[in-house]
Amino acid sequence: MSTITRESLEALEAAVDMVDLVGGRTPLRRSGARYVGRCPFHDERTPSFSVDPVKKVYYCFGCQRGGDHIKFVRETENLDFAAAVETLADRYGVRLEFEQSSPADERRRAERARLLRLLDDAAGFYVRYLWESEEAAPARDYLAGRGIADATVRDFRLGFAPSAWDRVCAAALAKGFTAAELGQAGLSGRGRRGPVDRFRGRLIFPLADVRGRIRGFGARQMPGGEPPKYLNSPEGPLFHKTDMVYGLDRARAAIAAAGRAIVVEGYTDVLALHQAGFANTVASMGTALTEAQVTELRRVCSSVSLAFDADAAGEEASLRGMAIAEGKGLAVRVVALPAGQDPADAVLADRDAFARALDSAAGVLSFRVGRALATGGTRDEVYARAAAIIAAAPPSVERDEQVRVVADRLRLTDDLAARLAAGRPQRAAAAPEQPAKLRRSPRERDERLFLGMALALPDRGRELLSELDVAYFSDEPLREAAGHMRRLLAGEGETEDAERWAPLMAELNAVAAREVPSDSALEELFWKLHLYQTEDELKTLRRNADLDLSQQQELQRLEELRLRLLATLESVRAHAPDR
Ligand SMILES: [Zn+2]
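All values reported here derive from a predicted model rather than from experimental measurement. Sequence order as written defines residue numbering, which begins from 1 separately in each chain. The predicted nature of this model means local features are confined to residues of pLDDT at least 70 and side-chain atom pairs, given and counted, to a pLDDT of 80 or more, with totals for whole chains, interfaces and linings taken over all residues. Values shown for side chains rest on all heavy atoms present in the structure; no hydrogens or waters enter the calculation.

**Description of the sheet that holds strand 14 (residues 260-264)**
What holds strands together in a sheet is hydrogen bonding between their backbones, with the strands either parallel or antiparallel.
(1) Moving on: Pairing between strands requires that DSSP locate at least two bridges from one strand to the other. Elements are defined by DSSP. Helices are runs of H or I of four residues or more, strands are runs of E of two residues or more, and each kind is numbered from the N terminus. Read across the sheet, five strands follow the order 15-14-16-17-18 without closing on themselves; strand pairing throughout is mixed. Of all strands in the sheet, those bounded by a partner on one side alone are strand 15 (281-283) and strand 18 (362-363).
(2) Moving on: Sheet topology note: the strand 17 (residues 331-334)/strand 18 ladder contains two bridges and is antiparallel. Looking at strand 18, one finds that Arg 333 is bridged to Gly 363.

Now the structure itself:
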């Protein structure tokens, strides 16, 4: 890692506005030459926290914490020195210079800067196309129909991708970007005669990182357009879907000020909520919160309110996301929305009702017990479900309250209520809460073996990993591990903490060592993972009784894909030289 020059650090110190910086965390008022407020580091009623705007230092007489602007960002956002300096430099518009950076560092930095510029250019192109083209009229109508104001659409830099084959690619190539760069930025696919645009005929949502730099795009299908409904940028050097929190760049200050983030599922939900004045809203990229997203949120706030569609909130993935958030120390509340409404509908239909729902959001335990009570079955079954959830919860006021709720609702005898409170259900009843994965499924074994072999054969591993969507892995830790490995093999592992991954990497190594790693074995596993994923999607689609036309087409496409994958697997096996 290269060193930031002393001159840059001095320029940064001069540029930082300490009252603005600290004021984003805790309200300050002037008191003589200083500013005072309640300490952001400890809980207190009378202000003992003081800021010197000239010397740019802070100190708390209560907990004795103090420091300068960099220390403040490190402590409040849980960043290391370099990241804190970069965050501040971004925020106060200071250009950082680095000492003794190696030529390789410089080259990587320059390459990344070019990709970021390419993405930003593309975003600008999509924005112009949304507002100026005839073709985008249905998209503008769609947004207006969802109640999203033009100002909001502009604010979030929404755009539209032309349905023509290569408008974005052609524009980028004309500006001197290369086909390889288009691929790395996730903007192109391979056409017969060179790169073609990945996004065509879709509404475009730029996906920015926490510092507002566009890393990729989410593209929504328009009525009558080709499935899938949402198409994202592929995983690449700049875009890792599971790390992104949509809207965090815009919501960050409001989240820090409120101490809380509202987390929704959809891009449109974020737009609608911001528009309605809930500026501390962000979206997970899909239903579940990932570890990386929770880590990002944990840096700016201590609690989250999840406002998912009524059905989605109860889904396994959402529940897992809640568990991850709680596991990382975030207080989680679940906002009850009217059935059939997403947050955007709800807030546009009745803003006050939405605000009340936010205020009265329940804790995860209350939410889960409520669901257990609402799901049908005999009284014994309902009791068993609720008891299993309560038994797994640590002692708390909320838990006591839920014991009372269940006892009340099911009219339990005092004896049964006491047993419920003591939390001694049979082991079997508690099991579904945290399934012990002692035996892995064949798919899970293959996924681990694939990653293990990719580590053992870094050249081929890098190639195949970069072609695989990490969403193909069946559980979240492996998805994150795959993302980490991809960065590692691409030589970009520097920002990751190696410690966190060490145990899993050791396991993967051991898994691969039991087999004989070979390119052909790795390739076979690669196709098997595709097959598992395709079969998974097929299963999900088939579970749905009445498919609409586009879903039927999707089903057919998947069935054909499955046959092709089986044939590919056959041929890979037949040509394996070493078996
Ligand atoms: Zn303090």
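On we go.
**Some words on the packing of aromatic side chains**
(1) Moving on: Any Phe, Tyr or Trp ring, taking Trp's six-membered ring, that has another such ring centre within 6.5 Å forms a pair; planes under 30 degrees apart are called stacked, those over 60 apart edge-to-face, and the others tilted. With the rule as written, the count across this model stands at 19 aromatic pairs.
(2) Moving on: Note on Tyr 129 and Phe 160: the rings are 6.4 Å apart at their centroids and 10° apart in plane angle, and the pair reads as stacked. Residue Tyr 129 is located in helix 5 (residues 103-132), and its partner Phe 160 is located in strand 8 (residues 159-161); the two are separated by 31 residues in the primary sequence. No difference in accessibility class separates Tyr 129 from Phe 160, as the two residues are buried.
(3) Moving on: Geometrically, the ring pair formed by Tyr 230 and Tyr 267 is edge-to-face, given 5.6 Å between the ring centres and 80° between the ring planes. Of this pair, Tyr 230 sits in strand 13 (residues 230-232) while Tyr 267 sits in helix 11 (residues 267-275), and the two are 37 residues apart along the sequence.
(4) Moving on: Feature note: the residues Phe 125, Tyr 126, Tyr 129, Phe 160, Phe 199 and Phe 217 constitute an aromatic cluster, connected by ring pairs.
(5) Moving on: Geometry around Phe 156 places Arg 250 over its ring, the cationic atom sitting 5.1 Å from the centre. Burial classification: accessible surface area is computed with a 1.4 Å probe over protein chains only, and a residue below 20% of its type maximum counts as buried, one above 50% as exposed, and the rest as partly exposed. For a ring to carry a charge above it, either NZ of a lysine or CZ of an arginine must fall within 6 Å of the ring centroid while also lying within 35 degrees of the normal to the ring plane.

**Notes on the environment of Leu 115**
(1) Moving on: When you line up the elements, Leu 115 lands in helix 5.
(2) Moving on: Looking at Leu 115, the relative accessible area reads 5%, which means it is buried.
(3) Moving on: When the C-alpha positions of Leu 115 and Phe 177 are compared, they lie 8.9 Å apart, and in sequence the two are 62 residues distant.
(4) Moving on: When sequence neighbours within four positions are dropped, the list of residues in contact with Leu 115 reads Glu 181, Gln 184, Ala 185, Pro 237 and Leu 238. Residues are treated as being in contact if the distance between any of their heavy atoms lies within 4.5 Å.

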